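Below are the chains, spelled out letter by letter.
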Amino acid sequence: MSCKSIGHVAFYTSDIEASLAFYKDVFGFPEAFRMVRDDGTLGGVYVYVAENQFLELFRAASPALPDTPGTVGYTTNAPGYAHICLHVGDVEAEYTKVKTAGAPIDVEIRTGVSKCRMFWTHDPDGNRIEVMELPPESLQAQATERLKTR
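What counts and how
Residues numbered from 1 in each chain as written. Predicted model: local features only at pLDDT ≥ 70, side-chain atom pairs only at ≥ 80, totals over all residues. Heavy atoms only, no water. Core = buried A, V, L, I, M, F, W, Y, C linked by side-chain atoms within 4.5 Å. Buried < 20%, exposed > 50% of the residue type's maximum accessible area, 1.4 Å probe, protein only. Helix = DSSP H or I, 4+ residues; strand = E, 2+ residues; numbered from the N terminus. Contact = heavy atoms within 4.5 Å. Arc of directions from axis to C-beta. Polar contact = N/O pair within 3.5 Å; in protein donor to acceptor, adjacent residues only side chain to side chain.

1. Things to note about the nonpolar core
Right, on to step 1. In this structure, Ala32, Phe33, Tyr46, Phe54, Met132 and Ala143 are the most contacted members of the largest nonpolar core, which totals 20 residues.
Right, on to step 2. Looking at this core, the elements that each hand over two or more residues are β1 (3-13), β2 (31-36), β3 (42-50), β4 (53-59), β5 (80-88), β7 (117-122) and α3 (139-147).
Right, on to step 3. The biggest single contributor to this core is β2, with three residues.
Right, on to step 4. With residues up to four places along the chain from it excluded, the contact list for Phe54 reads Gly7, His8, Val9, Ala32, Tyr46, Val47, Tyr48, Val49, Gln140, Ala143 and Thr144.

Printed below as a string of structure tokens:
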């Protein structure tokens, strides 16, 4: 794989605003952008770490919601690790490499809410891996452009 960097590490949080304040106040990482679902609810918050590198914060599901294997995001009942994202230059080429290597494809290539291009796989222990390309119109690329000189 021709990975450029770790694009982001995602966490489920019990309180997105408290987590956002922690990363801002303790480490100086500013909020980059918020992802809003079609129904207007908050999907997640990106926190800028360095050029094209972020933390992604999601709200942990309430204990009443069941875990839904095979779906992307919003599926855990507890705060903690959600997934790692690998930043690549050409998502189609990486998809072909991953598939040719015999790794599972959990989610086919698609365009995300943030206008990134991505697909999903997982390692032998089931740890979710997002493989993402950041075209110029993606919110990640726009945030990097705006925040990289901070």
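2. Thoughts on helix α2 (residues 91-100)
Right, on to step 1. What α2 keeps buried is the set Val91, Glu94, Tyr95 and Val98. Down the axis, α2 shows its buried residues gathered within 105 degrees of arc, on one side only.
Right, on to step 2. Along its buried surface, α2 packs onto β5, β6 (107-111), β7 and β8 (128-133).
Right, on to step 3. With a side-chain oxygen positioned 3.2 Å from the backbone nitrogen of Glu92, the residue opening α2 is Asp90.
Right, on to step 4. In the segment just after α2, Gly102 is the residue with positive phi, at about 90 degrees.

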